[in-house]
Amino acid sequence: MISTPLQPALARASALLDRGRGTAAADLLEPLLQSRSLKRLDELVIRGALAEAWLLKGDPQRAATVLGRTPDQIREQIPQALLSTLWRLHGRIAYAVGEQSRAIALHTRALKHAEAAHDSRGIGLAHLELVLC
C-alpha cells in the first residue's frame, strides 16, 4: 500500500508503535510527513501512524489534528483496509475525548471496511476497540 522507499521507515515506526513507544515513532514519522513528494495514499498512511503515536502519548487533540477530516470527506479512492484504519483512529480519538457513542459508531464503520478488505488484523482491532467502548 505504501511506496517502496517509505516501507522501511514505516516498518520501524509500526514496530515502535506495537511496543508502545509513541514518542520514538512520532520522531521518526514527523519528518516523513514534511516531504513535498508524498503521494496522497502515503500521506494518509503516515498520518494514521502519527495519529496513533500521539494517542499513545496521551494527546488526542494533536492526534485529531494530524489525522485530519473523516474518511467520508475525502474525495479520492482509498483502499478498504486504509479506510478501516482511519475510521478506527477517529473512533479512538472520539473515545479519548469522552464521546463513547460516537466512538462506537466510528469503530463499527472501521469493522465494516476491515471485513470488506478481508483484513484480519483490522477486524480484530476494530472488535477490540468496540469491546473497550
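**Looking at the overall build of the chain**
On a plain count of helices and strands, the chain comes out with seven helices and zero strands. Shown N-terminal to C-terminal, the secondary structure of the chain runs as helices and strands in the order α-α-α-α-α-α-α. Against the 2.2 N^0.38 benchmark of 14 Å for 133 residues, the chain shows a C-alpha radius of gyration of 14 Å, consistent with a compact globule. Considering only C-alpha atoms, the chain reaches an extent of 35 × 30 × 25 Å along its principal axes. Each of the 133 residues in the chain was classed as buried or not, and the buried ones make up 44%. Sequence-distant contacts, at least 24 apart, represent 52% of the contacts inside the chain between residues at least 6 apart.

**Digging into the side chain of arginine 88**
Tracing the backbone shows arginine 88 in helix 5 (residues 80–96). Buried within the structure, arginine 88 lacks any salt-bridge partner; glutamate 52 is the closest side chain of opposite charge, at an N-O distance of 4.2 Å. Apart from the residues within four sequence positions on either side, arginine 88 is in contact with Glu52, His107, Ala110, Leu125, Ala126 and Glu129.

**Focus: the nonpolar core**
In terms of nonpolar packing, the biggest core is built from 39 residues, with Leu29, Ile46 and Leu50 touching the most fellow members. The biggest single contributor to this core is helix 3 (residues 40–56), with nine residues. Those residues within four positions of leucine 29 in sequence are excluded, and the remaining contacts are Leu10, Ala13, Ile46, Ala49 and Leu50.

**Some points on helix 2 (residues 22–33)**
Helix length check: helix 2 (twelve residues) gives 16 Å between terminal C-alpha atoms against 16 Å at 1.5 Å per residue, within 8%. Against helix 1 (7–18) and helix 3 lie the buried residues of helix 2.

**A few points about the packing of helix 2 against helix 3**
Interhelical geometry of helix 2 versus helix 3 gives an angle of 150 degrees and a closest axis separation of 9 Å. Here helix 2 is positioned roughly antiparallel relative to helix 3, judged by the angle of their axes. Note that helix 2 runs across helix 3; the crossing there is left-handed. Here Gly22, Ala25, Ala26, Leu29, Glu30, Leu32 and Leu33 of helix 2 lie close against helix 3, whose contacting residues are Glu43, Ile46, Arg47, Ala49, Leu50, Ala53, Trp54 and Leu56.

**Quick word on the environment of leucine 111**
In this fold, leucine 111 is placed in helix 6 (residues 100–117). The exposure class assigned to leucine 111 is buried, which follows from its relative accessible area of 11%. Excluding residues within four positions of it along the chain, leucine 111 makes contact with Ile123, Ala126, His127 and Leu130.

**Comments concerning unusual backbone geometry**
One non-glycine residue with positive phi stands out, namely histidine 118, at about 55 degrees. Relative to the assigned elements, histidine 118 resides in the loop between helix 6 and helix 7 (120–132).

**A word on the environment of arginine 109**
Topologically, arginine 109 is positioned in helix 6. Assessed through its relative accessible area of 34%, arginine 109 is described here as partly exposed. Beyond its immediate chain neighbours, meaning those up to four positions away, arginine 109 contacts Asp72 and Trp87.

The rules behind each value
Residues numbered from 1 in each chain as written. Predicted model: local features only at pLDDT ≥ 70, side-chain atom pairs only at ≥ 80, totals over all residues. Heavy atoms only, no water. Helix = DSSP H or I, 4+ residues; strand = E, 2+ residues; numbered from the N terminus. Rg over C-alpha atoms; globule rule 2.2 N^0.38 Å. Buried < 20%, exposed > 50% of the residue type's maximum accessible area, 1.4 Å probe, protein only. Contact = heavy atoms within 4.5 Å. Lys, Arg positive; Asp, Glu negative; His and termini not counted. Salt bridge = Lys/Arg side-chain N within 4 Å of Asp/Glu carboxyl O. Core = buried A, V, L, I, M, F, W, Y, C linked by side-chain atoms within 4.5 Å. Expected span 1.5 Å × (residues − 1). Axes fitted to C-alpha atoms, helices over the stretch in contact; angles between N-to-C directions. Parallel < 35°, antiparallel > 145°, perpendicular 65-115°, else oblique. Left-handed = near helix turned anticlockwise from the far one by under 90°.

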